[in-house]
Amino acid sequence: MHLNRVKNKKISLDDLRANFIEIEPALTQKEAMDEANRCLYCYDAPCIKACPTDINIPSFIKKIASGNLKGSAKVIMEANPVGASCARVCPTEELCEGACVLNDASLPIMIGNLQRHATNWAIHNNQQLFKAGEAVGKTVAIIGGGPAGLSAARELARLGYEVTIFEAKEKAGGLDTYGIVSFRLPQEVSLWEVEQIEKLGVKILTNTKVGRDIQAEEIIDNYDAVILAVGMSKVPMLGIEGEDAEGVLDAIDFVETTKTPPLDPQYIGKKIVIIGAGNTAIDAATCSVRLGAGDVKMVYRRTEAEMTAYEFEYEFAKQDGVEFRWLTQPTKIVKDESGKVKALECVRMELGEPDDSGRRRPVPVQGSEFSIEVDAVIKAIGQTRYVSLIEEFGLDHNRGIVKINTETHQTSNPKVYAAGDVIFGDGQGDAMVVTAAQQGKLTAHAIHKTLMVDTVAVENV
């Protein structure tokens with residue numbers, strides 16, 4: 001994709017909008033057919049085992065090869081209720097494509113692109129792929145309308161439950177709708193997945209925050225089961241002087257501003273530094289470039305080898321011209337007389353002994369202090385958790401990681417279940433969209449198993 005850069009010409013708002021158009025071109029019908037026909041349709045397919053949601057990948061690819069795009073989309077979405085989003089954001093080279101047997105002979109099947117091809121057909125042809133199940137007379141409340149909450153809602157609706165989602169934001173979809181850059185995941189894709197679930201009769205109450213608009217106790221009392229699927233919160237504080245300066249931004253909020261028009265032209269030609277080296281940091285950096293920033297740097301206190309961003313995200317940022325400053329620790333944000341950020345003071349680091357994570361601990365190098373001139377600083381050093389909300393529900397947790405029974409998915413309150421980012425951590429899975437979707441599915445079926453057993457027991461009394 002051509003990227004309009006400030007060095008080449010004066011950038012207009014139209015140029016900025018063009019910079020946020022989806023970068024990966026869709027497969028043509030012929031390209032999809034040719035690629036589908038490369039698949040060996042393995043009987044014991046390793047790509048299925050590598051998919052956290054267990055999509056029957058050979059089946060959906062074979063349906064593409066036979067021209068049955070609706071059938072292909074159904075296979076995908078049956079296993080993964082946010083399969084259109086995951087086709088774009090999954091680290092396929094580490095999952096399904098990484099496991100493809102053709103890696104040893106040629107190139108792996110472009111599973112992600114084929115998944116996008118089939119789900120694009122369903123989106124463009126306004127297909128409703130599933131129906132609600134026969135009512136079972138049970139109600140479930142879901143706190144959070146992100147991938148985990150939506151996946152749980154879809155499964156429960158198909159099982160015949162009356163489902164209500166409480167979503168604090170204006171639109172449902174969570175990370176997929178607000179937190180992943182538009183040039184990788186257009187918002188309309190996520191909203192189509194939300195619509196698929198609403199059409200099953202799921203009630204989504206947006207702009208509804210638990211603790212403000214409704215209390216946790218009220219939800220627990222009025223529903224047969226509750227799923228906590230609130231994901232993650234804001235970026236934590238850096239804990240350095242000057243952090244209150246105008247122009248110090250939260251990476252999550254920053255990316256979100258680019259998801260809904262109009263785009264902000266204030267960053268054209270500016271110098272921006274992103275602190276951190278995870279996927280969110282990369283998103284903030286590439287968004288900065290696409291908003292016309294003239295100089296974008298990422299600073300990270302460890303080395304390239306310790307960065308947590310996916311390799312494809314890292315390569316993408318380098319192609320966008322993002323500069324990386326390794327072994328660099330910010331120590332102070334300098335403000336001008338009006339309170340705006342004007343510089344970031346840093347110190348060079350070196351790696352010492354391993355810390356609790358097993359990675360070598362960075363320590364300052366004496367006398368290595370230096371300063372970077374900046375117009376904005378974006379914090380991307382991880383995310384905090386909704387501890388106060390978790391405690392409002394009275395649930396056991398470890399620093400915001402909710403404890404669950406891994407077999408029943410129940411929390412310390414057996415009526416409350418949890419799924420998604422709110423349980424990830426302490427060795428409990430990876431914080432990916434696809435794993436959150438699988439957690440939602442498993443939690444829905446755990447609720448069904450528990451409530452239906454209870455129903456049978458009551459009927460037999």
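Quick caveat: nothing in here was measured; it's all calculated off a predicted structure.

Basis of the calculations
Residues numbered from 1 in each chain as written. Predicted model: local features only at pLDDT ≥ 70, side-chain atom pairs only at ≥ 80, totals over all residues. Heavy atoms only, no water. Pairing = 2+ DSSP bridges. Helix = DSSP H or I, 4+ residues; strand = E, 2+ residues; numbered from the N terminus. Axes fitted to C-alpha atoms, helices over the stretch in contact; angles between N-to-C directions. Contact = heavy atoms within 4.5 Å. Domains from an automatic or database assignment. Buried area = accessible area lost by both parts, 1.4 Å probe. Salt bridge = Lys/Arg side-chain N within 4 Å of Asp/Glu carboxyl O. Polar contact = N/O pair within 3.5 Å; in protein donor to acceptor, adjacent residues only side chain to side chain. Nonpolar A, V, L, I, M, F, W, Y, C, P; charged D, E, K, R; others polar.

Judged by pairing direction, the sheet is parallel, and its five strands sit side by side in the order E5-E13-E6-E7-E8 without closing on themselves. Of all strands in the sheet, those bounded by a partner on one side alone are strand E5 (248-250) and strand E8 (323-325). Recorded for the sheet is a direction-independent mean angle of 25° between the axes of neighbouring strands. Along the sheet face, helix H14 (residues 279-290) touches strand E6 (271-275), strand E7 (295-299), E8 and strand E13 (376-379) and points at about 170° away from the line of E7.

Our next topic: the domain arrangement of the protein chain. Domain boundaries in the protein chain define domain 1 (25-125), domain 2 (139-233 + 384-459) and domain 3 (248-379). The C-alpha-based centres of domain 1 and domain 2 are spaced at 27 Å. If you look at the interface, domain 1 gives 20 residues, while domain 2 gives 21 residues. Taken together, both faces of the contact between domain 1 and domain 2 bury some 1,700 Å²; the carbon and sulfur share is 68%. For domain 1, the biggest contributors to the area lost against domain 2 are Pro 81, Val 82 and Arg 88; these three give 30% of the whole. On the surface where domain 1 and domain 2 come into contact, there are one salt bridge. Residue Arg 158 is joined to Glu 78 by a salt bridge in which the shortest nitrogen-to-oxygen separation is 3.2 Å. Linking domain 1 to domain 2 there are eight residue pairs in polar contact (both at pLDDT 80 or more). Put simply, the parts of the chain that give the side of domain 1 that touches domain 2 at least two residues each are helix H5 (69-79), helix H6 (83-89) and helix H8 (111-124). In terms of residue count, H6 provides more of the side of domain 1 that touches domain 2 than any other element does, six residues in total. Among the residues making up the side of domain 1 that touches domain 2, the classes are represented as 13 nonpolar, four polar and three charged.

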